[in-house]
Structure formats: C-alpha cells, structure tokens
Amino acid sequence: MVIKVDRERCASSGQCALAAPEVFAQDEEDGRVVLLDEHATGPEVRRATTGCPTQAISSD
C-alpha cells in the first residue's frame, strides 16, 4: 500500500494524526497533514484514511 496526501484539500482537523501518529503529523505553520511514512499499513492507517473529513488521504 502507498499512502498519498493532498495538502491542498486538508482542513487541518488533525484526525489523521490522532488516529495514526506514527504515520501522520500536522505542519506547525499551517496545521495541514504531513505524511511521515507512505508505506505504513494497519488498521490505524485505514481509520485515518476513511476518517479524513475532506478525503485528503488516499491509498493504493
């Protein structure tokens, strides 16, 4: 699986960083998603992907 993020769609809600802090963080300047590990897997990654309110996170 490869995770992709669209920082332009991100609304800075932080749900991804809460669900999978080892995979996602928030930029200190604008609060948008920062991808830490594009090859991460697991249920927490799936929760972060499906829980994004703006669908800024996708995976292949």
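Residues numbered from 1 in each chain as written. Predicted model: local features only at pLDDT ≥ 70, side-chain atom pairs only at ≥ 80, totals over all residues. Heavy atoms only, no water.

With an unreviewed UniProt entry as reference, the chain is termed Ferredoxin, source organism Nonomuraea recticatena. Word for word, the UniProt comment on the chain under Function (unreviewed entry) is "Ferredoxins are iron-sulfur proteins that transfer electrons in a wide variety of metabolic reactions." (UniProt positions renumbered as here; feature names shortened; annotations may be inferred.)

## Here we look at unusual backbone geometry
In terms of backbone geometry, most residues other than glycine have negative phi values and most peptide bonds are trans. With a phi angle near 60°, Ser12 is a residue other than glycine that sits in the positive phi range. You can see Ser12 is positioned in the loop between β1 (3-5) and α1 (15-19). Phi at Gln55 takes a positive value of approximately 55°, unusual for a residue other than glycine. Looking at where Gln55 falls in the secondary structure, it is placed in the loop between α2 (43-51) and β4 (57-59). The class of Gln55 is exposed, set by a relative accessible area of 59%. (Helix = DSSP H or I, 4+ residues; strand = E, 2+ residues; numbered from the N terminus. Buried < 20%, exposed > 50% of the residue type's maximum accessible area, 1.4 Å probe, protein only.)

## Regarding the nonpolar core
If you look at the biggest cluster of nonpolar residues, it comprises 13 residues, and the most contacted ones within it are Ile3, Cys16, Val23, Phe24 and Ile57. Ignoring anything within four residues of it in the chain, the contact list for Ile57 reads Ile3, Lys4, Val5, Cys16, Phe24, Ala48, Thr49 and Cys52. (Core = buried A, V, L, I, M, F, W, Y, C linked by side-chain atoms within 4.5 Å. Contact = heavy atoms within 4.5 Å.)

## Focus on the state of the cysteines
One pass over the full model with this rule turns up zero disulfides. Cysteine Cys10 remains unbridged, with the sulfur of Cys16 as its closest cysteine sulfur at 6.2 Å. With a relative accessible area of 14%, Cys10 lands in the buried category. Judged by its relative accessible area of 10%, Cys16 falls in the buried class. (Disulfide = S-S within 2.5 Å.)

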